[in-house]
Amino acid sequence: MASGTEIDPIHQFELQKVFEFKPFGLDLSFTNSSLWMIIAVAVISFVTIIGTSKRSVVPGRLQSLAEMAYEFVASTLTGVTGKEGMKFFPFVFSLFMFVFTANMLGMIPGAFTTTSHVIVTAAFAVLVISVVLIAGIVGHGSHFFGLFVPSGVPGWLLPFMVVIEVVSFISRPISLALRLFGNMLAGHIALKVFGGFVAALIAAGAAAVLAPLPLLLAIALTALEFLVAFLQAYVFTILTCVYLNDALHPGH
Amino acid sequence: MRLIAVPFMMAIGSAPALAAGGAFPPFDSSTFAGQLFWLALSFGLLFLLMSKVAVPRIGSVLAEREGTIETALAAAAKAQAGAEEQAQALEASLGKAKANAQSIAQDARAKSNAEIDAKRKAVETELAAKMSAAEASIGEMKAKAMANVEDIAKEAASALVEQLTGKAPTAAALTKAFKAGSEA
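Small disclaimer: the values here were computed from a predicted structure and weren't measured.

(A) Molecular detail of the interface of chain A and chain B. Facing 61 residues of chain A, the contacting portion of chain B comprises 44 residues. Here chain A and chain B share an interface that buries about 4,600 Å² over both sides, 79% of which is from carbon and sulfur atoms. Notably, a salt bridge pairs A:Glu67 with B:Arg65, separated by 2.9 Å at the nearest N-O pair. Taken together, chain A and chain B are joined by 7 residue pairs in polar contact (both at pLDDT 80 or more).

Following this line, the structure appears as structure tokens:
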């Protein structure tokens, strides 16, 4: 029955090829995901580069938007890591802008949410941890591994503590990746499901009187998802700052 | 109950579609290489644009604004200090002018007082001189008048004596009698 109104909440996460690109037997085709990544880069560049091209002392709308984002990320970074953290600012700023813009673009109906794919969030998480490891080892050498050896612990307990610290360090990229992925995936599925309820109830004759209930919920969920889109980008950024702080100031 | 259950089943009825379509899209590893490739490309481009253009530019704009505000504040503070200095100088010159005016007024007052005193003294001496002259002339006139009175009295006395005795007294007798009368 009613095959035209069938709602598939998973369909929105499917990759559709825009054009094929298969060098060396690898499938690197340009998909809707790639398209929205490029759109995100274009939007960020428009705001932060075209918007600030006048370099006015009294900023216009786009420029104050770019300055707001800059100062927001800068205050987050310096708040956690202190002034030394500013050498990572371009990286943290790019990260925040990309995740935030990708999350927000995903709220456009019909858009593809690039951050709803675990491989994308995992790539960001691995990138962050790699930067932390490299910065830590370059900055502090073997002293960086003191991060895994808490001070003031009795000798016999030390091996266990080291194991726990190593496990907690390894779980950082995993939690970083899964938190963003899970939030974006679940939020979009929930939106689609409640939207589907509205359509299905309208199609189901007498039950159509109940249609406004899931509609109200879908509206509330949309508002919540906008909050989540920002919040997850912020959480991703602040955790990146916390991990960078470990690289800058290792030792407990 | 069935009416409500139907849309639920329809909405969640994606399980068969999933089974038919293959893996859950986010876990479909055949798409991983492509996503990673395009992510690396787009994020790499973004990082390049941000670190080479956007971040330095926004940073310099913010620093410039801070500098502008600071210089404006410094200029304002300087202008205020200048204004205060000028106000003080003005007040000082005002005080000086006031003191000057006061001394001039005092001088003038002292001068006019002295002049008035001098004039009054001159007038007073003149008046005193006139008064003494007048007094002298009054005394003279009085003496003259008194002399006249004696003559008239002598005449009147000689006329009385002539009437009473029929014979006019001599001048020497009259004088003698007057002297005796005025001495008594």
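(B) Quick peek at the nonpolar core. Among the nonpolar cores identified, the biggest contains 56 residues, and A:Phe93 and A:Phe124 are the most heavily contacted of them. Elements supplying a minimum of two residues to this core: α1 (32–50), α2 (61–81), α3 (89–105), α4 (118–140), α5 (158–203) and α6 (212–248) of chain A together with α3 (32–165) of chain B. In this structure, A:Phe93 is in contact with A:Thr48, A:Ala69, A:Tyr70, A:Val73, B:Met50 and B:Val55, ignoring residues within four places of it in sequence. Ranked by size, the runner-up nonpolar core spans 6 residues in total, among them A:Ile10, A:Phe181, A:Leu185 and B:Phe24.

(C) Representation of the packing of α4(A) against α3(B) within the structure. At a minimum axis distance of 10 Å, the contact between α4(A) and α3(B) shows a crossing angle of 55°. By the angle between their axes, α4(A) is oblique relative to α3(B). In the crossing of α4(A) with α3(B), the sense of the turn from one axis to the other is right-handed. Two secondary-structure elements touch here, α4(A) through A:Ile119, A:Val120, A:Ala123, A:Phe124 and A:Leu127 and α3(B) through B:Phe32, B:Gln35, B:Leu36, B:Leu39 and B:Phe43. Each residue belonging to the contact of α4(A) with α3(B) can be placed in one class, and the counts come to 9 nonpolar, 1 polar and no charged.

(D) Structural context of the packing of α4(A) against α5(A). Residue and element names in this part refer to chain A. Interaxial distance between α4 and α5 falls to 8 Å at its minimum, and their mutual angle equals 145°. Between α4 and α5 lies a crossing whose hand is right-handed. Along the contact surface, α4 presents Val118, Thr121, Ala122, Ala125, Val128, Ile129, Val132 and Leu133, while α5 presents Phe169, Arg172, Pro173, Leu176, Ala177, Leu178, Leu180 and Phe181. In the contact of α4 with α5, the residues fall into 14 nonpolar, 1 polar and 1 charged.

(E) Molecular detail of the packing of aromatic side chains. Tallied over the full model, the rule gives 22 aromatic pairs over all chains. Ring geometry for A:Phe124 versus B:Phe43: centroids 5.1 Å apart, planes at 80°, classification edge-to-face. One end of the pair, A:Phe124, is in helix α4; the other, B:Phe43, is in helix α3, on a second chain. The two residues A:Phe124 and B:Phe43 agree in class, both being buried. Residues A:Phe144 and A:Phe145 carry aromatic rings whose centres are separated by 5.7 Å and whose planes lie at 65° to one another, so their mutual orientation is edge-to-face. On the accessibility criterion, A:Phe145 (38% relative accessible area) is partly exposed.

Cut-off values and rules
- Residues numbered from 1 in each chain as written.
- Chains lettered and ligands numbered in written order.
- Predicted model: local features only at pLDDT ≥ 70, side-chain atom pairs only at ≥ 80, totals over all residues.
- Heavy atoms only, no water.
- Contact = heavy atoms within 4.5 Å.
- Buried area = accessible area lost by both parts, 1.4 Å probe.
- Salt bridge = Lys/Arg side-chain N within 4 Å of Asp/Glu carboxyl O.
- Polar contact = N/O pair within 3.5 Å; in protein donor to acceptor, adjacent residues only side chain to side chain.
- Core = buried A, V, L, I, M, F, W, Y, C linked by side-chain atoms within 4.5 Å.
- Buried < 20%, exposed > 50% of the residue type's maximum accessible area, 1.4 Å probe, protein only.
- Helix = DSSP H or I, 4+ residues; strand = E, 2+ residues; numbered from the N terminus.
- Axes fitted to C-alpha atoms, helices over the stretch in contact; angles between N-to-C directions.
- Parallel < 35°, antiparallel > 145°, perpendicular 65-115°, else oblique.
- Left-handed = near helix turned anticlockwise from the far one by under 90°.
- Nonpolar A, V, L, I, M, F, W, Y, C, P; charged D, E, K, R; others polar.
- Phe/Tyr/Trp six-rings, centres within 6.5 Å; stacked < 30°, edge-to-face > 60°.

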